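Coordinates in review
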Amino acid sequence: MGGLGWKSDDLMTSPTSLTASPLSLEQVNLTFHPRRSLSLELSTWLKRLSGRPAGSHGIQAVRGVNLALKTGEILAIVGESGSGKTTLGRLMTGLYHPDSGRVLWAGREVAGLNNKSRKNFRRRVQIIFQDPGSSLNPRFTAKAVVEEALIIHNLGSNTERHQRVAALLKEVGLPTEAAGRFSHEFSGGQRQRLSLARALALDPEILIADEPVSALDVSIQAQIINLLLNLRTRRALTLVFISHDLPLVRIIADRLAIMYGGRLMEVVDKSLLGKAPHHPYVLSLWASASGGGNNFILKGEPPDPASPPPGCPFAPRCREAIDICHVEIPLMTNFNPGFACACHRRRSPTEASNR
Ligand code: SF4
């Protein structure tokens, strides 16, 4: 599965204690307004592409997301390109703040944290990116890259920081002599190891990995995934794994949150995969991933985030759509503690609201 030749038994996927994590999102919305930030050239290009001025309504990146992490889990956020999964990851880290709704850390809104609490939040929630090269300062040696956060947070003496950097490089599988090299002297896989060492420097509780292997060769992907899983176990991390690779996350994740058009379509425990009454979009994704089931293969294009359809975002492509789907956005409904779904055709007896 996932092209990496693993069996699920090879991987350490069993969750530790799945109690509520301090990090949660409540009715989170974020719209980008390109006109305010894009160059004239890019705005003109977008206008030509879409037939209307860029940013006339903004890009609705994330809509109405409720999600609570569980301590020690691997939560996969899955979706096609443009589904909002990367934006959601950045909202979780405080890199973006929602237009409305709340990102909560230990019950307090991240956007309203004072300097001391925000610093603590940043220590506890770290992120690594798809392209580690672009997030590493090319003028910094590996030692400086990893040490920077320790200096900012005023942690340790020179000697202690030196020892800490050496230990972190070793932990992520880089040789001691790597400390003096610059990021361009590393391979792609080594750069991702270095960005991991930097993320781990502050002993985070939660690590968000945004497509951490999609830019790497297949052979290297397996090494980085195994490293992430080992670190997760050794450090009791909560891992949020953002990916478009459904077969891969099916193996490594404890829980999957599937996004489409900026909204959550389904949140499902791994143990219920294939047993739950899955969302039609999820059924299509599975079929596309396995190359079978013509009735479920996705046809058409994802919704334009600048002008999403008024009802269910998946309605224009959904083989099960009925009239209400085109006018009313379906609420996320809890079927049981391990499965929630936002679809007018999937109703449970306990019509709970979002989870
Ligand atoms: S709400 Fe309607 S359009 Fe959306 S996934 Fe369900 S059946 Fe399809």
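Please refer to the structure placed before this passage.
To start, this report covers the structure provided alongside it. What you see is a predicted model, and the numbers here were worked out from it, not measured in a lab. Going along each chain's sequence as written, the residues are numbered from 1 onward. With the structure being a predicted model, the display of local features is reserved for residues of pLDDT at least 70 and the display and counting of side-chain atom pairs for 80 or more, all residues being used for whole-chain, interface and lining totals.

In globular proteins that are soluble, nonpolar side chains generally tend to be buried together. Take the buried Ala, Val, Leu, Ile, Met, Phe, Trp, Tyr and Cys residues, join any whose C-beta atoms are within 7 Å, and the set you get is a nonpolar core. Residues with at least 20 neighbouring C-beta atoms inside 10 Å of their own are called buried, those with 12 or fewer are called exposed, and the rest are partly exposed, where every C-beta is derived from the backbone. Counting residues in hydrophobic clusters, the biggest one holds 85 residues, and the most contacted among them are Ala-197, Val-240 and Phe-241. Numbered from the N terminus, helices here are DSSP runs of H or I no shorter than four residues, and strands are runs of E no shorter than two. Ranked by residues supplied to this core, first place goes to strand S2 (residues 59-70) with six residues. With C-beta atoms placed from the backbone, a contact is any residue pair whose C-beta atoms sit within 7 Å. Setting aside residues no more than four positions away along its own chain, Phe-241 makes contact with Ile-74, Ala-76, Ala-209, Val-249, Ile-252 and Ala-253.

A separate point is the environment of Arg-346. Checked against the element boundaries, Arg-346 lands in the segment after strand S12 (339-341). Separated by 67 residues in sequence, Arg-346 and His-279 have C-alpha atoms that sit 7.4 Å apart. Excluding residues within four positions of it along the chain, Arg-346 makes contact with Pro-277, His-279 and Cys-341.

What follows covers the site of the ligand. Being near a molecule or strand means, for a residue, that its backbone-placed C-beta atom lies within 6 Å of it. The environment of the ligand is made up of 14 residues, and the closest members are Cys-312, Ala-315, Cys-318, Cys-325 and Cys-343. Partitioned by chemical class, the residues of the shell around the ligand number ten nonpolar, two polar and two charged. The residue classification treats Ala, Val, Leu, Ile, Met, Phe, Trp, Tyr, Cys and Pro as nonpolar and Asp, Glu, Lys and Arg as charged. All others, Gly included, are polar.

What follows is about the pairing of strand S10 (residues 263-269). Within S10, six of the seven residues are buried, which leaves it mostly tucked inside the rest of the structure. Should DSSP find at least two bridges between two strands, the strands are taken to pair. Inspection of the sheet shows strand S9 (residues 255-260) paired to S10 by six bridges, in the antiparallel sense. Within S10, the position partnered with Leu-256 by the bridge is Val-268. Hairpin remark: S9 followed by S10, antiparallel, with two residues in the connecting loop; positive phi at Gly-261, about 55°. Here S10 pairs with S12 via three bridges, running antiparallel. Residue pairing across strands places Val-268 opposite Phe-339, the latter belonging to S12.

Here we come to the sheet that holds strand S6 (residues 125-128). Spatial ordering of the open sheet is given by S6-S7-S8-S3-S9-S10-S12-S11, a layout of eight strands whose pairing is mixed. Looking at strand neighbours, the two that pair on one side only are S6 and strand S11 (333-336), the edges of this open sheet. Here the strands of the sheet are splayed against their neighbours by 20° on average, with no regard to which way each runs. Judged from the five bridges that link them, strand S7 (residues 206-210) and strand S8 (residues 238-243) form a sheet pairing that is parallel. Across the sheet, the residue bridging to Ile-206 is Thr-238, located in S8. The axes are straight lines fitted to the C-alpha atoms, using for helices just the contacting stretch, and the angles between their N-to-C directions are given from 0 to 180°.

The sheet built from four strands is open, its strands ordered S2-S1-S4-S5 with antiparallel pairing. Only two strands of the sheet have a single partner each, and these edge strands are S2 and strand S5 (108-109). In this structure, strand S1 (residues 20-32) lies alongside strand S4 (residues 100-105), joined through five bridges in antiparallel fashion. Opposite Glu-26, over in S4, you have Arg-102 as the bridge partner.

Before going further, it helps to examine the packing of helix H8 (residues 188-200) against helix H9 (residues 218-235). Between H8 and H9, the shortest axis-to-axis distance is 10 Å and the interhelical angle comes to 20°. By the angle between their axes, H8 is roughly parallel relative to H9. Between H8 and H9 lies a crossing of right-handed hand. Across the interface between the two elements, Gly-188, Gly-189 and Gln-192 from H8 touch Ile-220, Gln-223 and Ile-224 from H9. Broken down by class, the residue content of the contact of H8 with H9 amounts to two nonpolar, four polar and no charged. An angle below 35 degrees is read as roughly parallel, one above 145 as roughly antiparallel, one from 65 to 115 as roughly perpendicular, and any other as oblique. Crossing handedness is defined as follows: a turn of the near helix away from the far one that is anticlockwise and smaller than a right angle gives a left-handed crossing, while the clockwise case is right-handed.

Further remarks concern the environment of Ala-178. If you trace the backbone, Ala-178 turns up in the loop between helix H7 (158-171) and H8. Spatially, the C-alpha atoms of Ala-178 and Leu-194 are 9.3 Å apart, while their sequence positions differ by 16 residues. Setting aside its immediate chain neighbours within four residues, Ala-178 contacts Ala-142 and Leu-169.

The next subject is the environment of Gly-338. Inspection of the secondary structure puts Gly-338 in the loop between S11 and S12. A sequence separation of 71 residues divides Gly-338 from Val-267, and the C-alpha atoms of the two residues are 7.7 Å apart. Ignoring any residue separated from it by four or fewer positions in sequence, one finds Gly-338 in contact with Val-268, Asp-269, Ser-271 and Leu-272.

You will see that Gln-27, though not glycine, has its phi angle at about 45°, which is positive. Looking at where Gln-27 falls in the secondary structure, it is placed in strand S1. Given 13 C-beta atoms within a 10 Å radius, Gln-27 is considered partly exposed. Here the phi dihedral of Asn-154 falls at roughly 55°; this positive angle occurs in a residue that is not glycine. Tracing the sequence through the fold places Asn-154 in the loop between helix H6 (142-152) and H7.

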